[in-house]
Amino acid sequence: MSHNSGSWNQGKEKILLLLREGKEWAVRNKKISIPAAAVVLVALLACVSMFSGKEKTDAAEEESTGKEVELSNITVPEVPLEENAVAVVNELMNDYYAALADGDVEKLEKLKNYVSDPERLRVEKKSEYIEKYENIVCYTKAGLVEDSYLVYAYNEAKFYEIDTPAPALNTFVVFKNEAGDFYIYEGDLDDNTFEYFQGLSAQDDVTNLCNIVQAKYNEAIGEDSQLAEFMDEFPQMIKSEVAKALAEMEQEGTENAENAEASVPEETEQPEETTQEPKAKVTEVETTDTVNVRSSDSETADKIGKAEKGMRLPLLEKKGNGWSKVEFEGKEAFIKSEYLVDIVNVVENGSEEPQTPAAAQEQPEEQTAQEQSNAGSTGLVGKDGKVTAKTTVNVRASANENGERLGVIYQGDKLELVMQQADGWCKVKYNGQTGYVKTEFVE
């Protein structure tokens, strides 16, 4: 391994150490978005290794000229960092920070391809402390495909009742959709795009920009002790408020369900000899897709394995923050609840009988026939019954951006179309198995 490769790994270890010391870092399976009010040190370091969360077998090696970075799959040229050079990106980022300051989740959803429930709550909670974002400057590097950008957005967050604004540098990936609108992307990246952005983030001009903003932040907290104290407490304060809000939402949903059940009148009076109704109890969960298993209830926690689709696991606890504690390979582990369905066991006379969840029941044969007939009527299918990739796109095992990736197809590649679905995905045949691709990336 080269000297430069060793330096890369050393830098990565320093960043992971800082994260373990409690600094806020928000990347979801390469969902690239750093909250503007987070501790700026992490935001700055993220510029250098924003993609270090995905392990690579080949480390990045820089050539002696310093003009190109050689990665495992592609060569990344020296791409200049441009200031406020792309008007549509500048407008997008200004709208984004305005939505953050206002706590306008509805507007935020129009600017991003995905906003999770915890993120909605974080935006709403943070807006209660943030007066405005000012002095926004967009630094961009062009991506691997046309109309894609790696964006470093400098901003200064002005908090209520604190005189000095907090400088920060947030990192985003921006793409253009078929309608011609630019948006902030959160989700998986194909290997080539991932490595290309990784190479861009390691270039000297990005490092210099991070150092400049770091110096500004140090100066700000050095001159204003109130700001320094606030920034030390702010990330944990928001985390606690979001967790509390999620728990309240879950409790409210439980109470509403109980009230609805209580309001249903009994049709007939039960005879005296009727035995007690058996009680339903959730003791297991089943995965609806291949999903990461983590050591704690956080997307930045260590990944200890993967649970394949259809795997049943003992349920230990359903938490109010959207995670479930399960038993995995004999140990306690955590999986996001949205990827699980309950396995309801009916307890009667001291015994338990597993019941098949509705979500896992086999679909009737006529549905498959209907899907096949739909394939012939879709507007996408060509004369040869196939769709063609318009760009590099992942093929997944399920119609979900977090689904297991079966492989990658490139511009011009063709796949047999089974059905164009209404949810924005196409069911296709890929290497002899069923797969899914996003409709917007094929024709």
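Worth saying up front: this structure is predicted, and the values here are computed from it rather than measured. (Residues numbered from 1 in each chain as written. Predicted model: local features only at pLDDT ≥ 70, side-chain atom pairs only at ≥ 80, totals over all residues. Heavy atoms only, no water.)

Along the chain, Lys125 falls in helix H5 (residues 117–127). Residue classification places Lys125 among the partly exposed residues on the basis of a relative accessible area of 22%. In this structure, the C-alpha to C-alpha distance between Lys125 and Gly103, residues 22 residues apart in sequence, is 7.7 Å. Look past the residues within four positions of Lys125 in its chain and what remains in contact with it is Ile238, Glu241, Val242 and Ala245. (Helix = DSSP H or I, 4+ residues; strand = E, 2+ residues; numbered from the N terminus. Buried < 20%, exposed > 50% of the residue type's maximum accessible area, 1.4 Å probe, protein only. Contact = heavy atoms within 4.5 Å.)

Strands sit in the order E4-E5-E6-E7-E8 across an open sheet of five strands; the sheet is antiparallel. Each edge of the open sheet is held by one strand with a lone partner, namely strand E4 (82–83) and strand E8 (182–184). Pairing of strand E6 (residues 149–159) with strand E7 (residues 166–176) involves nine bridges; the strand directions are antiparallel. Bridge pairing in E7 places Ala153 opposite Asn170. Here helix H3 (residues 87–102) sits on the sheet in contact with strand E5 (130–142), E6, E7 and E8, set at roughly 150° to E5. On the sheet, helix H6 (residues 191–201) packs against E5, E6 and E7 and is oriented at approximately 55° with respect to E6. (Pairing = 2+ DSSP bridges. Axes fitted to C-alpha atoms, helices over the stretch in contact; angles between N-to-C directions.)

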